[in-house]
Amino acid sequence: MKTPIYLDNHATTPVDPRVLDAMMPYFTGDFGNAASRNHAFGWKAEEAVEKARKQVADLIGATSKEIVFTSGATESNNLALKGVAEMYAERGNHIITAATEHKAVLDTTKKLEKHGYRITYLPVKTDGRVDMDMLRDAITDKTILISIMYANNEIGVLQPIREIGKLAKEKKVLFHTDATQAVGKIPVSVIEDNIDLMSLSAHKMYGPKGVGGLYVRRKQPRVQLTCQMDGGGHERGMRSGTLNVAGIAGFGEACAIGGREMAEETRKLRYLRDKLKDRLLAELDEVYINGSMEHRLPHNLNISFAYVEGESLLMGINDIAVSSGSACTSATLEPSYVLKALGAGDDLAHSSIRFGIGRFNTEDEVDYVAGRVVEVVRKLRDLSPLYEMFKEGIDLSKVVWTAH
Amino acid sequence: MAYSDKVLDHYNHPRNVGSMDKNAPEVGTGIVGAPECGDVMKLQIKVNEETGLIEDAKFKTFGCGSAIASSSLATEWVKGKTVDEALEIRNTDIVNELSLPPVKIHCSVLAEDAIKAAIGDYKKKQVSRTSEPVAQEA
């Protein structure tokens, strides 16, 4: 077993070698521009792009014409939200989203607010899911879009997408979902879920970085977007810019593999994740799982080790790549807003670790990680004044702290 | 983030970890920080009544590696000093010794505060001992 061990597959995933094979021809030999309509170089590139488009569409129950290639999910979220807001401005100015969305959604809606749009940020329940009654109540005759993510990037919690899609359809409001973490991992169908727009990313599913897509429904209803990138009119006018042919070919292949191997892979990932969870819960006290365990991606575990600060834990397991919701690990020095939204308290956010198990992890690696985490948590608890106070029976919530 | 060798050394081999009897008259205890801020330091000193020197110091810290290192270093530095000498320790000294980056300066501030709080607690005990023969629980 080699270290360091990569267990941060919600941040990014390695490119599957089979995906790389599918990409290689389009760098040197078949390097054409997919928009070159009058020679073989262009035709080959276009053929690769259209094959990939079909592969992406097939994975999510869409048709090829409904896929717009982008540079990734951030761009897709921007295009979906701003594109809809601009296109449907006459119909209304209200958008509903949730407090636990990715920053690519939240920062986009914040910008839209500056341009006069009204945004509702739904809180989530302690399990991380939105409340359907609150969503229903939030819809007004000015609501043009609901944007709720499929699966959360920190806690892996799945939102009630099918119910949201049904409600949006009934209320004739467009429904966008950021499905970056879900597609390729769990079955996703834009038909069954009544999704109108969906953001996708290649590098979260063993494809290359810098490529993603936006699903844009063509029928019932036909969704229109105001393009956010002006230029040569690529992607049916919705996203100009020369296509990243090699990246797109890789994205397509990643989707094909993801779809083909999903059932088996899910079983393996869930087994490894549950093994990790069960060991940590069995060998340590005062461990809390963040978010719903029932409605969760099979490869995610987000767990707080009370009385241990996250960054110090990462420092102790420095041969393992995971991430923490601790303030000390964020650029803003604020603890994770996702964990705060669950209402668990900032102290548990500071103590949280996100594990993301992936296609290439082995059982040996997971066993090793469990052992190392237990060892370091115990060591840091020996060092923790809070754990000592807890053991003495002191109620930490009643202590008057000298906040600084 | 890359940690300095000295931070890593204190993190991997923290000095003077532990607790002393906080009710003992010769022990001063300082607890600073808050769990929701992500760091809490407990620093204790034990003063030799005859020499007036801090003969032992212990700490426990909930916080990042730099917070652990700052408090570990603080316990090393206060040992062998008089209470007044220990009050001279500045957070900037800790920053320099551990090569802390700007985002970690608050860890050193917290360590300085912990020293001051421990000494404050010790002094309070001394005053109550001299003014009232029977020490009262705070």
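What counts and what doesn't
- Residues numbered from 1 in each chain as written.
- Chains lettered and ligands numbered in written order.
- Predicted model: local features only at pLDDT ≥ 70, side-chain atom pairs only at ≥ 80, totals over all residues.
- Helix = DSSP H or I, 4+ residues; strand = E, 2+ residues; numbered from the N terminus.
- Rg over C-alpha atoms; globule rule 2.2 N^0.38 Å.
- Buried ≥ 20, exposed ≤ 12 C-beta atoms within 10 Å, placed from the backbone.
- Contact = placed C-beta atoms within 7 Å.
- Nonpolar A, V, L, I, M, F, W, Y, C, P; charged D, E, K, R; others polar.
- Pairing = 2+ DSSP bridges.
- Axes fitted to C-alpha atoms, helices over the stretch in contact; angles between N-to-C directions.
- Domains from an automatic or database assignment.
- Parallel < 35°, antiparallel > 145°, perpendicular 65-115°, else oblique.
- Left-handed = near helix turned anticlockwise from the far one by under 90°.
- Core = buried A, V, L, I, M, F, W, Y, C linked by C-beta atoms within 7 Å.
- Arc of directions from axis to C-beta.

K.L.:
Give a description of the overall build of chain A that names residues and reports values.
P.N.:
Counting its secondary structure elements, chain A contains twelve helices and 13 strands. Relative to a compact globule of 404 residues, whose C-alpha radius of gyration would be 22 Å, chain A shows 22 Å and is just as compact. Taken along its principal axes, the extent of the C-alpha atoms in chain A is 75 × 55 × 35 Å. Counting the 404 residues in chain A, one finds 52% classified as buried. The contacts of chain A with a sequence gap of at least 6 include a subset with a gap of at least 24, amounting to 72%.

K.L.:
Got a sec to walk through the interface of chain B and chain A? Specific residues and values, please.
P.N.:
Contact with chain B, which involves 25 residues of that partner, is made by 25 residues of chain A. Residue assignment for the side of chain B that touches chain A shows that the elements contributing at least two residues are strand 1 (27-34), strand 2 (39-47), strand 3 (54-62) and helix 2 (65-78) of chain B. The dominant element in the side of chain B that touches chain A, judged by the number of residues it contributes, is strand 1 of chain B, at four residues. Of the residues contributing to the side of chain B that touches chain A, the split by class is 15 nonpolar, six polar and four charged.

K.L.:
Got a sec to walk through the sheet that holds strand 9 (residues 287-289) of chain A? Specific residues and values, please.
P.N.:
Residues and elements named next belong to chain A. Taken in spatial order, the four strands line up as 9-10-13-12 in an open sheet, and their pairing is antiparallel. Both outer strands of the open sheet, strand 9 and strand 12 (323-324), are each paired with one neighbouring strand and no more. Bridging between strand 10 (residues 300-305) and strand 13 (residues 352-356) involves five bridges; their strand directions are antiparallel. Each residue of the ladder has a partner; that of Asn-300, found in strand 13, is Gly-356. Here helix 7 (residues 245-283) sits on the sheet in contact with strand 9, strand 10 and strand 13, set at roughly 15° to strand 10.

K.L.:
Tell me what's going on with the domain arrangement of chain A, and back it up with residues and numbers.
P.N.:
All names here are of chain A. What the domain assignment lists for chain A is domain 1 (5-9 + 262-398) and domain 2 (17-257). Placing a centre on the C-alpha atoms of domain 1 and another on those of domain 2 gives a separation of 30 Å. Facing 19 residues of domain 1, the contacting portion of domain 2 comprises 21 residues. Those elements that provide at least two residues to the side of domain 1 that touches domain 2 are helix 7, strand 10 and helix 9 (337-341). Class assignment for the residues of the side of domain 1 that touches domain 2 results in five nonpolar, eleven polar and three charged.

K.L.:
Can you lay out the sheet that holds strand 3 (residues 94-98) of chain A for me, pointing to particular residues and giving the numbers?
P.N.:
Residues and elements named next belong to chain A. Pairing is mixed across the open sheet formed by seven strands, whose spatial order is 2-8-7-6-5-3-4. Looking at strand neighbours, the two that pair on one side only are strand 2 (67-70) and strand 4 (118-122), the edges of this open sheet. Each strand axis lies, on average, 20° off the axis of its neighbour in the sheet, ignoring direction. Pairing geometry for strand 3 and strand 5 (residues 143-147), over four bridges, is parallel. Each bridged residue has a counterpart across the sheet, and for His-94 the counterpart in strand 5 is Thr-143. Contacting strand 5 and strand 6 (174-178), helix 6 (residues 161-171) crosses the sheet at an angle of about 155° to strand 6.

K.L.:
Lay out the packing of helix 2 of chain B against helix 4 (residues 91-98) of chain B in plain terms, naming residues and giving numbers.
P.N.:
Residues and elements named next belong to chain B. Interaxial distance between helix 2 and helix 4 falls to 10 Å at its minimum, and their mutual angle equals 110°. Regarding the angle of helix 2 to helix 4, the classification is roughly perpendicular. Crossing hand, helix 2 versus helix 4: right-handed. Contacts from Ser-66, Ala-69, Ser-70, Leu-73 and Ala-74 in helix 2 reach Ile-94, Glu-97 and Leu-98 in helix 4.

K.L.:
Please provide a residue-by-residue account of the nonpolar core, values included.
P.N.:
Residue and element names in this part refer to chain A. Tyr-215 and Val-245 are the most contacted members of the largest nonpolar core, which totals 154 residues. No other element matches the 13 residues that helix 7 contributes to this core. In this structure, this core is formed jointly by two domains, domain 1 (5-9 + 262-398) and domain 2 (17-257), each of which donates at least three residues. Residue contacts for Val-245: discarding those within four places in its chain leaves Tyr-26, Ala-34, Ala-45, Ala-48 and Val-49.

K.L.:
Describe the packing of helix 7 of chain A against helix 11 (residues 363-382) of chain A, with residues and values.
P.N.:
All names here are of chain A. Look at helix 7 against helix 11: their axes get within 10 Å of each other, and the N-to-C directions meet at 25°. In terms of their interaxial angle, helix 7 and helix 11 are classed as roughly parallel. Crossing hand, helix 7 versus helix 11: right-handed. Along the contact surface, helix 7 presents Leu-272, Lys-275, Leu-276, Arg-279, Leu-280 and Glu-283, while helix 11 presents Glu-363, Val-366, Val-369, Ala-370, Val-373 and Val-374. Of the residues belonging to the contact of helix 7 with helix 11, the class tally is eight nonpolar, no polar and four charged.

K.L.:
Tell me about helix 4 of chain B, and please be specific about residues and values.
P.N.:
All names here are of chain B. Those residues of helix 4 lying buried are Asn-91, Ile-94, Val-95 and Leu-98. With its buried residues spanning 100° around the axis, helix 4 presents them on a single face. Ser-99 sits one or two positions beyond helix 4 and adopts a positive phi of about 55°.

K.L.:
Which residues make up the environment of Leu-79 of chain A, and what values do they have?
P.N.:
All names here are of chain A. Mapping Leu-79 onto the fold places it in helix 3 (residues 73-87). With 26 C-beta atoms packed within 10 Å, Leu-79 lands in the buried category. Each residue touching Leu-79, except ones within four places of it in the same chain, is listed here: Thr-70, Leu-214, Leu-225, Gln-228 and Arg-239.

K.L.:
How would you explain unusual backbone geometry if you had to name every residue and give the values?
P.N.:
All names here are of chain A. In this chain, Thr-3 is followed by Pro-4 through a cis amide linkage whose omega measures -5°. Here the bond from Gln-220 into Pro-221 is cis, since omega is -5°, no more than 30 degrees from zero. You can see Pro-221 is positioned in the loop between strand 8 (212-216) and helix 7. Positive phi outside glycine occurs at Glu-235, with the angle close to 50°.

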